[in-house]
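Results of the structural survey
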Amino acid sequence: QRFIDHWNRHQQLRYLLTGAWNTAAGYAIFVVLYFLLAPKLDYRVIAVATHIVAVTQSFVTQRRLVFRSRKNWLGEYGRFHIAHLFTLGLGLVLLSLLVETFEISPLLAQAIVTTAVVMISYFVHQNFTFRTNKDFKAPQQATIHVAGVF
């Protein structure tokens, strides 16, 4: 019961546990696709295919479990993918750097990259993907006080 109370009250806990699942699932998808397709496809193509599947799976879990959103799923799904385009780009650059420059195995390099980019995702999703109207404050109108004119 205590865990359930914490789960319900703490979005960060939900993000942490859901994120651990999503990270493990994303990496597992990469490993499976790598072993199935590596002889025929470059590891970067496999990383992009993994990204598409993993981001869709992650969207479902984060939307329902972490942010508990009930808004238009299609708009959030679009923003989720936009937010993850940055991590895809960063991930591909880091993956290529680790594999090509440091000669690290693509499997180990992907594990390192996944860990590195997962940190910023919470803030991106909290402030962009699953934001609420109350998260935005309207700009304050400037008020000009004229004293002593009349």
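Bear in mind that the values here come from a model prediction, so they are computed numbers and not experimental data.

**Quick word on the environment of arginine 63**
Positionally, arginine 63 belongs in helix H3 (residues 43-66). The exposure class of arginine 63 is buried, given its relative accessible area of 10%.

**Focus on empty space enclosed by the protein**
In the structure shown here, the tally under the stated rule is one cavity of 30 Å³ or more. Approximately 470 Å³ is the volume found for the largest cavity. The wall of the largest cavity is formed by 25 residues, among which His51, Ala54, His84, Thr114 and Val117 lie closest to the centre. The set of elements that each furnish at least two residues to the lining of the largest cavity consists of helix H2 (11-37), H3, helix H4 (73-101) and helix H5 (106-129). Each residue belonging to the lining of the largest cavity can be placed in one class, and the counts come to 10 nonpolar, 15 polar and no charged.

**What to know about the packing of aromatic side chains**
A complete count under the given rule lists six aromatic pairs for this structure. Considering the side-chain rings of phenylalanine 3 and tryptophan 7, the 6.1 Å spacing of their centres and the 35° angle between planes classify their relative orientation as tilted. Pair noted here: phenylalanine 3 and tryptophan 7 are both in helix H1 (residues 2-9), with a separation of four residues, about one helical turn. Overall, phenylalanine 3 belongs to the partly exposed group, its relative accessible area being 49%. Of the residues examined, tryptophan 7 reaches a relative accessible area of 19% and is grouped as buried. Between phenylalanine 59 and phenylalanine 80, the aromatic rings sit 5.4 Å apart at their centres with planes inclined by 65°, giving edge-to-face as the arrangement. A residue pair is termed long-range when its members are at least 10 positions apart, and phenylalanine 59 in helix H3 and phenylalanine 80 in helix H4 qualify at 21 residues. Connected via pairs of aromatic rings, a cluster forms that spans Phe59, Trp73, Tyr77 and Phe80.

**Let's talk about the environment of valine 66**
Tracing the backbone shows valine 66 in helix H3. Sequence separation between valine 66 and glutamine 11 is 55 residues; the distance between their C-alpha atoms is 5.9 Å.

**A look at unusual backbone geometry**
Positive phi is not limited to glycine here, since arginine 68 has a value of about 50°. Within the secondary structure layout, arginine 68 lies in the loop between H3 and H4. At glutamate 103, a residue that is not glycine, the phi angle is positive and equals roughly 55°.

**A short note on the pattern of salt bridges**
Enumeration over the complete set of coordinates arrives at three salt bridges. Between arginine 44 and glutamate 100 there is a salt bridge, with the nearest N and O atoms lying 4.0 Å from each other. Placement of the pair is arginine 44 in helix H3 and glutamate 100 in helix H4, with a sequence separation of 56 residues. Accessibility expressed as a relative area gives 47% for glutamate 100, which makes it partly exposed. A single network of salt bridges, built from pairs that share partners, joins Asp42, Arg44 and Glu100.

About the criteria used
- Residues numbered from 1 in each chain as written.
- Predicted model: local features only at pLDDT ≥ 70, side-chain atom pairs only at ≥ 80, totals over all residues.
- Heavy atoms only, no water.
- Helix = DSSP H or I, 4+ residues; strand = E, 2+ residues; numbered from the N terminus.
- Buried < 20%, exposed > 50% of the residue type's maximum accessible area, 1.4 Å probe, protein only.
- 1 Å grid on protein atoms, 1.4 Å probe; cavity = no way out; pocket = protein on both sides within 12 Å on 5 of 7 lines; lining within 4 Å.
- Points joined across faces, edges and corners; volume = space filled by probe spheres on them.
- Nonpolar A, V, L, I, M, F, W, Y, C, P; charged D, E, K, R; others polar.
- Phe/Tyr/Trp six-rings, centres within 6.5 Å; stacked < 30°, edge-to-face > 60°.
- Salt bridge = Lys/Arg side-chain N within 4 Å of Asp/Glu carboxyl O.

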